[in-house]
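# Architecture and fold: a report
Each chain, written out:
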Amino acid sequence: YSAGGAPCHPLLRSIHITPICPHSPHLRSFILPTNSIIRIETLTHNRRPVHAVSDGISHGLSHSVEISTPPEEVQLGFLEGQHFTELLIKKILRN
């Protein structure tokens, strides 16, 4: 959400693609099913080097990157009394 991606409930299993500093204003974030395999290739890596990052993990200068979900479930912890949807609505309405 902070990088301009779509807000999503943490219990919804999905892959979120959010371009950071895209060169095209029409390149928007999108959401894919968890069984997707994403392959991103640079077109002109000699002229425009690309630094790839997925889920906070840097892949460094990259010509191509393949991303998929891990086979194991990710366990999330929730604080008692915290309601994701309520907090999200408050943050959206503040702006």
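Preceding this paragraph is the structure being described.
This one's a predicted model, so the numbers in the text were calculated from it and none came from an experiment.

Right, let's talk about the overall build of the chain for a bit. When helices and strands are tallied, the chain shows one helix and six strands. Along the chain direction, N to C, the helices and strands of the chain fall in the order β-β-β-β-β-β-α. Taken over C-alpha atoms, the radius of gyration comes to 16 Å for the chain, far larger than the 12 Å a tight globule of 95 residues would show. Seen along its three principal axes, the alpha-carbon backbone of the chain occupies a region of about 50 × 35 × 20 Å. Here the chain holds 95 residues, and the buried ones make up 14% of them. Within the chain, residue pairs in contact and separated by at least 24 positions form 35% of the contacts whose partners lie at least 6 positions apart.

All right, on to the environment of C8 then. In this structure, C8 sits in the segment before strand 1 (15–17). Accessibility expressed as a relative area gives 18% for C8, which makes it buried. Once the C-alpha coordinates of C8 and R39 are considered, the two residues, 31 residues apart in sequence, prove to be 23 Å apart.

Here the focus is the environment of A3. Its place among the elements puts A3 in the segment before strand 1. What makes A3 partly exposed here is its relative accessible area of 46%. Through-space distance from the C-alpha of A3 to that of S36 is 22 Å; in sequence the pair is 33 residues apart. When neighbours within four sequence positions are excluded, A3 is seen to be in contact with T18 and I20.

With that settled, the discussion passes to the pattern of salt bridges. By the definition in use, this model includes three salt bridges. In this structure, R39 engages E41 in a salt bridge whose closest nitrogen and oxygen atoms are separated by 2.8 Å. The partner of K90 in a salt bridge is E86, and the shortest N-O contact between them spans 3.4 Å. Linking K90 with E86, this pair stays in helix 1 (residues 84–94), spanning four residues, or about one helical turn.

Rules used in this analysis
Position numbers for residues count from 1 along each chain, tracking the sequence in the order it is written. Only residues with pLDDT of at least 70 are given local features in this predicted model, and only at 80 or more are side-chain atom pairs given and counted; all residues enter the totals for whole chains, interfaces and linings. The side-chain values count all of the structure's non-hydrogen atoms but skip hydrogen atoms and water molecules. Helix and strand definitions here come from DSSP, where helices need a minimum of 4 consecutive H or I residues and strands a minimum of 2 consecutive E residues; each element is numbered from the N-terminal end. We compute the radius of gyration from the C-alpha atoms alone; for a globule the expected value is 2.2 Å times N to the 0.38, where N is the number of residues. Residue burial is assigned from relative accessible area. The probe radius is 1.4 Å, only protein chains are included, and a residue is buried under 20% of its type maximum, exposed over 50%, and partly exposed in between. Residue contacts follow a heavy-atom distance rule, with two residues in contact if any of their heavy atoms lie within 4.5 Å. What counts as a salt bridge is simple: a side-chain nitrogen of Lys or Arg found within 4 Å of a carboxyl oxygen of Asp or Glu.

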